Amino acid sequence: MAALGQARRIVVKIGSALLVDRATGALRETWLTALAADVAALRARGIDVVLVSSGSIALGRGVLNLGTGVLPLEKAQAAAAVGQIQLARAYEAALHPHQLTTAQVLLTLEDSANRRRYLNARATLNQLLALGVVPIVNENDTVATDEIRFGDNDRLAAQIAVTVGADHLILLSDVDGLYTANPNEDPSATRLETVTEITPEIEAMAGDAGSGLSKGGMKTKVMAAKTATAAGCAMAIALGTPDHALAAIETGAPVTWFTAKTDPASARKAWIAAMKPQGALHLDAGAAQALASGKSLLPAGVTDLTGSFERGDAIEVLAPTGTRLGQGLTRYTSDEARKIRGQHSSRFEALLGYPGRAAMIHRDDLAL
C-alpha cells in the first residue's frame, strides 16, 4: 500500500495545523514548497492529484490580527474570505515552478447532496484533471457555517475522493495514524498499521481532540474512511508535519491504511446498478454493439424512451429486442432526450438552445 506510484488518482487532505504556524499565524512556506515537490513528482509519473486544503480561516485571522481562540461566526467567515485569497496564491506560487497549473474549487458538503450540483462539480473536477491541472479544493467557509462550527474537511476530502473516483485518499495530520487509545494519555497505546473493516471497536478508538488550529479529530477521519473505502478508495492517516510527507509515505513512513475491498470503478458500477431506474432508453443495433465494445451511448443511437427523469437519474438501457442491457446515469432530462434522440451532435444546439454533451450516458456511468 505504500507504493503510491501504483495509484491512478490521489486526493490529499491538508489540515490547517500543517499549513499555518500556530504561534505566528504565518504560512509554513518551506513545508509547502516540499509538498509541491512531492506533488510534482507524482504528476510526473502520470498520477492525478487533488489537494483538499484547510487554512483559509487560519491565514485570514493572521492578516486581520484577530488573535487566538474561537472566533464568532461572522469574524470566522470574514477571516475565511480574506484567507482564501492568501491560500490560493500560496499554492499557485508553490506549484508554478514545477510547471503545474492550479485551480481553486470552493465547495460545501451540501454540494454532494444536491444531484445537479454534484454532477457539475464532478464534471468540472474531472475536466481539470484531464487538462493536467492540480485542483485546490476547500470548504466554502464564507457560507458553510457547519464546517466553521466543527470542521469537516476530512469528510469533504472523502466526498471529493468519491466524486473524482480516486483510488487513494491521504489525510495528512499531526498524528501518524489511528491508535488503540490516545497516545498522549496512554503510553501503552499502539498504532494500527492496517484496518480492513471499520467495526464499532475501531470507531470507539477514535477521539475528538484536535489541535489548536484544526477543528477536526480522529473521529472525523474514521468517518471519512468509511465513505472512501465503501467507494473503493484506500485511505491513509499519515503524519504530515515533516517536509516531503508524501514522499515519506512511499518510502515506508508509519501510517494507518484503511483498505478497500473493491476498486473505484467497480464500486461505482455496483452503486449505479443498485439504483431504481426512472425510465428506459431503447437503442438501435449499432448503439447496442457500441456499448458492448465499451463505448458511451450517444443520442443518435436512441430510438425511443419512456419515463420522466432528470439529469443524473438512473435509466435502463434496452436492446432493439427489448432485452435489458443494463442501466446508467443520464446526462439529459427526459424532455431533452426526446428532442435529441436519433440526432447527430451537430443538431443539439438548434434543438436544445445550447451545445449539449456528446453522450447521453457516458461509459463511466454505465453498468452493463
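With that settled, the discussion passes to the pairing of strand β1 (residues 9-14). Here is the key point about a regular strand: its side chains alternate between the two faces of the sheet. Extensive coverage of β1 is indicated by the burial of six of its six residues. Residues Arg9, Val11 and Lys13 of β1 are buried on one face, and the alternating residues Ile10, Val12 and Ile14, pointing to the opposite face, are buried as well. Pairing of β1 with strand β2 (residues 48-53) involves six bridges; the strand directions are parallel. Opposite Lys13, over in β2, you have Val52 as the bridge partner. Bridging between β1 and strand β5 (residues 168-173) involves five bridges; their strand directions are parallel. Each bridged residue has a counterpart across the sheet, and for Val11 the counterpart in β5 is Leu169.

Let us look at the nonpolar core. Of all hydrophobic cores here, the largest spans 38 residues; its most connected members are Ile14, Ile170 and Leu172. At seven residues, helix α2 (residues 29-44) tops the list of elements feeding residues into this core. Val11, Leu171, Met218 and Ala225 belong to the second largest nonpolar core, which has 35 residues in total.

Looking now at the pattern of salt bridges. Tallied over the entire structure, the rule returns nine salt bridges. A salt bridge links Asp154 to Lys221; the nearest nitrogen and oxygen atoms lie 3.2 Å apart. Within this pair, whereas Asp154 is found in helix α7 (residues 153-164), its partner Lys221 is found in helix α9 (residues 218-230), the two being separated by 67 residues in sequence. Given the relative accessible area of 3%, Asp154 is considered buried. When its relative accessible area of 6% is taken as the criterion, Lys221 is described as buried.

Next up on the list: the side chain of Asn138. Tracing the backbone through its elements, the reader meets Asn138 in strand β4 (residues 134-139). By relative accessible area, which is 1% here, Asn138 ends up buried. A polar contact is formed between the side chain of Asn138 and the side chain of Gln84, at a distance of 2.8 Å.

On the basis of which strands lie adjacent, the open sheet formed by five strands has the order β10-β9-β11-β12-β13 and mixed pairing. Two strands lie at the open edges of the sheet, namely β10 (302-307) and β13 (366-367), each paired on one side alone. Bridge count between strand β11 (residues 314-318) and strand β12 (residues 324-329): five bridges; the pairing is antiparallel. If you follow Ala314 over to β12, its bridge partner there is Leu329.

This brings us to the sheet that holds strand β7 (residues 234-239). If you walk across this open sheet you meet the eight strands as β3-β4-β2-β1-β5-β7-β8-β6, and the pairing is mixed. What marks the edges here is a single partner per strand, and that holds for β3 (102-107) and β6 (194-195). Here six bridges tie β5 to β7, and the two strands are oriented parallel to one another. Paired with His168 across the strands is Ala234, a residue of β7.

We now examine the packing of α7 against α9. Look at α7 against α9: their axes get within 8 Å of each other, and the N-to-C directions meet at 10 degrees. When the axes of α7 and α9 are compared, the pair comes out roughly parallel. When α7 is examined against α9, the residues Asp154, Arg155, Ala158 and Val162 are found in contact with a partner set consisting of Thr220, Lys221, Met223, Ala224, Thr227 and Ala228.

What follows covers the packing of helix α5 (residues 115-130) against α7. For the pair α5 and α7, interaxial distance at closest approach is 9 Å and the crossing angle is 75 degrees. Classed by the angle they form, the pair α5 and α7 counts as roughly perpendicular. For the pair formed by α5 and α7, the contact residues are Tyr118, Arg122, Leu125, Asn126 and Leu129 on the first element and Ile160, Thr163 and Val164 on the second. Residues of the contact of α5 with α7, tallied by class, amount to five nonpolar, two polar and one charged.

Looking now at the environment of Ala204. Structurally, Ala204 can be placed in helix α8 (residues 200-205). Placed 112 residues apart in sequence, Ala204 and Glu92 show a C-alpha to C-alpha distance of 39 Å.

Structurally, Ser112 can be placed in the loop between β3 and α5. Owing to a relative accessible area of 29%, Ser112 belongs among the partly exposed residues under this scheme. Between the C-alpha atom of Ser112 and that of Gln84, which follows or precedes it by 28 residues, the distance is 21 Å. In contact with Ser112, other than residues within four places in its own chain, are Tyr118 and Gln159.

To continue, consider unusual backbone geometry. One non-glycine residue with positive phi stands out, namely Gln99, at about 60 degrees. Relative to the assigned elements, Gln99 resides in the loop between α4 (73-95) and β3. Of note, His244 is a non-glycine position whose phi angle comes to about 55 degrees, a positive value. Take His244: it is sitting in the loop between β7 and α10 (245-250). Judged by its relative accessible area of 35%, His244 is partly exposed.

By the element assignment, Thr330 lies in the loop between β12 and α13 (334-340). Residues contacting Thr330, with those up to four places away along its chain left out, are Phe309, Glu310, Arg311, Gly312, Asp313, Ile315, Met360 and Ile361.

Parameters at a glance
Here the residue numbering is sequential within each chain, running from 1 through the sequence in written order. Whole-chain, interface and lining totals are the exception, using all residues; otherwise, since this is a predicted model, local features are given only for residues with pLDDT of at least 70 and side-chain atom pairs are given and counted only at 80 or more. Hydrogens are left out, water is left out, and the side-chain values use all remaining heavy atoms of the structure. The rule is simple: take the accessible area with a 1.4 Å probe, protein chains only, and divide by the maximum for that residue type; under 20% is buried, over 50% is exposed, in between is partly exposed. Secondary structure counts use DSSP, requiring at least four H or I residues in a row for a helix and at least two E residues in a row for a strand, with both numbered from the N terminus. Criterion used throughout: strands pair if DSSP finds at least two bridges between them. We call a set of buried residues a nonpolar core when its members are Ala, Val, Leu, Ile, Met, Phe, Trp, Tyr or Cys and they connect through side-chain atoms within 4.5 Å of each other. When a carboxyl oxygen of Asp or Glu is within 4 Å of a side-chain nitrogen of Lys or Arg, the pair counts as a salt bridge. The term polar contact refers here to a pair of N or O atoms within 3.5 Å; inside protein, the definition further demands a hydrogen-donor-capable atom paired with an acceptor-capable atom, and it admits residues adjacent in sequence only when both atoms are side-chain atoms. Note on geometry: axes are C-alpha line fits, over the in-contact stretch for helices, and angles between N-to-C directions span 0 to 180 degrees. Roughly parallel covers angles under 35 degrees, roughly antiparallel covers those over 145, roughly perpendicular covers 65 to 115, and oblique covers all other angles. By definition in these notes, contact holds between two residues if any of their heavy atoms fall within 4.5 Å. Here the nonpolar group is Ala, Val, Leu, Ile, Met, Phe, Trp, Tyr, Cys and Pro; Asp, Glu, Lys and Arg are the charged ones; every other residue, Gly included, is treated as polar.

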